[in-house]
Amino acid sequence: MDDAVGTRLSGRQREARVVAFWSLTVLGAPIMCGAWIWLALASMEQVTESAKAPPGDTSTDGLFVMFGVVPLVLAHLLGLGILRSIAPRERDERRGRWAIAAVAVLVTSGVGLAVALQFNGGVLLNPSDGGHTP
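Residues numbered from 1 in each chain as written. Predicted model: local features only at pLDDT ≥ 70, side-chain atom pairs only at ≥ 80, totals over all residues. Heavy atoms only, no water.

Student: I tried to follow the overall build of the protein on my own but got confused; where do I start?
Tutor: Scanning the protein from terminus to terminus reveals four helices and zero strands. Ordered by position from the N terminus, the helices and strands of the protein form the series α-α-α-α. Put simply, the protein has 134 residues, and 28% of those count as buried. Contacts in the protein between residues far apart in sequence, at least 24 positions, make up 72% of those at least 6 positions apart. (Helix = DSSP H or I, 4+ residues; strand = E, 2+ residues; numbered from the N terminus. Buried < 20%, exposed > 50% of the residue type's maximum accessible area, 1.4 Å probe, protein only. Contact = heavy atoms within 4.5 Å.)

Student: Would you mind going over the side chain of S43 with me for this structure?
Tutor: With respect to the helices, strands and loops of the structure, S43 is situated in helix α2 (residues 11-52). If near-sequence neighbours (up to four positions away) are discounted, S43 is found in contact with F64, L125 and N126.

Student: What is the right way to look at the nonpolar core in this model?
Tutor: Judged by nonpolar contacts, the single largest core of 18 residues is most densely connected at F21, W36, L39, L72, L83, A116 and L124. Taken together, the elements giving at least two residues each to this core come down to α2, α3 (61-86) and α4 (94-119). Here the element with the most residues in this core is α2; it accounts for eight residues. (Core = buried A, V, L, I, M, F, W, Y, C linked by side-chain atoms within 4.5 Å.)

Student: When you look at the layout of surface pockets in this model, what are you seeing that I'm missing?
Tutor: Taking a probe equal in size to a water molecule and rolling it over the atoms shows the remaining empty space. Considered as a void within the structure, the largest pocket measures approximately 240 Å³ in volume. Taken together, 13 residues line the largest pocket, and the ones lying closest to its centre are L24, G28, I31, G79 and I82. For the lining of the largest pocket, the secondary-structure elements that each account for two or more residues are α2, α3 and α4. Here the lining of the largest pocket gets six residues from one element, more than from any other, and that element is α2. Residues that form the lining of the largest pocket fall into these classes: nine nonpolar, four polar and no charged. (1 Å grid on protein atoms, 1.4 Å probe; cavity = no way out; pocket = protein on both sides within 12 Å on 5 of 7 lines; lining within 4 Å. Points joined across faces, edges and corners; volume = space filled by probe spheres on them. Nonpolar A, V, L, I, M, F, W, Y, C, P; charged D, E, K, R; others polar.)

Student: How should I be thinking about the packing of aromatic side chains in this particular structure?
Tutor: Any two aromatic rings considered together are summarised by their centre-to-centre distance and by the angle between their planes. Applying the stated criterion across every chain, the model contains one aromatic pair. Between F21 and W22, the ring centres sit 5.0 Å apart and the planes meet at 85°, which makes this aromatic pair edge-to-face. We classify F21 as buried; its relative accessible area is 0%. (Phe/Tyr/Trp six-rings, centres within 6.5 Å; stacked < 30°, edge-to-face > 60°.)

Student: How do you make sense of a nonpolar patch on the surface when you look at a structure like this?
Tutor: Together, W38, L41, M44, M66, F67 and F119 make up an exposed nonpolar region whose accessible area comes to about 640 Å². Looking at the nonpolar patch, the elements that each hand over two or more residues are α2 and α3. If you tally residues by element for the nonpolar patch, the top one is α2, at three residues. Tracing the sequence through the fold places M44 in helix α2. By relative accessible area, M44 is classed as partly exposed at 43%. (Patch = residues over 30% accessible without salt bridge, like charges linked within 9 Å, V, L, I, M, F, W, Y side chains within 5 Å. Areas by Shrake-Rupley, 256 points an atom, 1.4 Å probe, with all protein chains shown as cover. Salt bridge = Lys/Arg side-chain N within 4 Å of Asp/Glu carboxyl O.)

Student: Would you mind going over the side chain of T108 with me for this structure?
Tutor: Structurally, the position occupied by T108 is in helix α4. Classification of T108 as buried rests on a relative accessible area of 7%. Side-chain polar atoms of T108 contact the backbone oxygen of V105, separated by 3.0 Å. (Polar contact = N/O pair within 3.5 Å; in protein donor to acceptor, adjacent residues only side chain to side chain.)

On their own, these measurements won't tell you what the molecule is for.
And the structure:
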């Protein structure tokens, strides 16, 4: 058997991969919405907690990164890894699988960002007011 033919997927296997890829991409949209909304909530929590802290206290500075940015980055990386592993391939091209997975993650992330902006009234991150409450 020729190696090139042996590595190619049969028609049914390719169809199954395409269906699984797009199903997981659609499933990823609400996950990305949640990740972006979680980032906004972490930002609000960090601002709220820093307002309660005494002046000069920096103990709440890492909250936003740990509870907001890290989960968002992990959601993107996990989505990219999962979609890349299930992406249908053409002639065993590695770059093509990475590209289609990256585009799918970027589109679902864009949908998530748009929903998060709608959810938060057009503001994603709550600006710090320097620890002063009105």
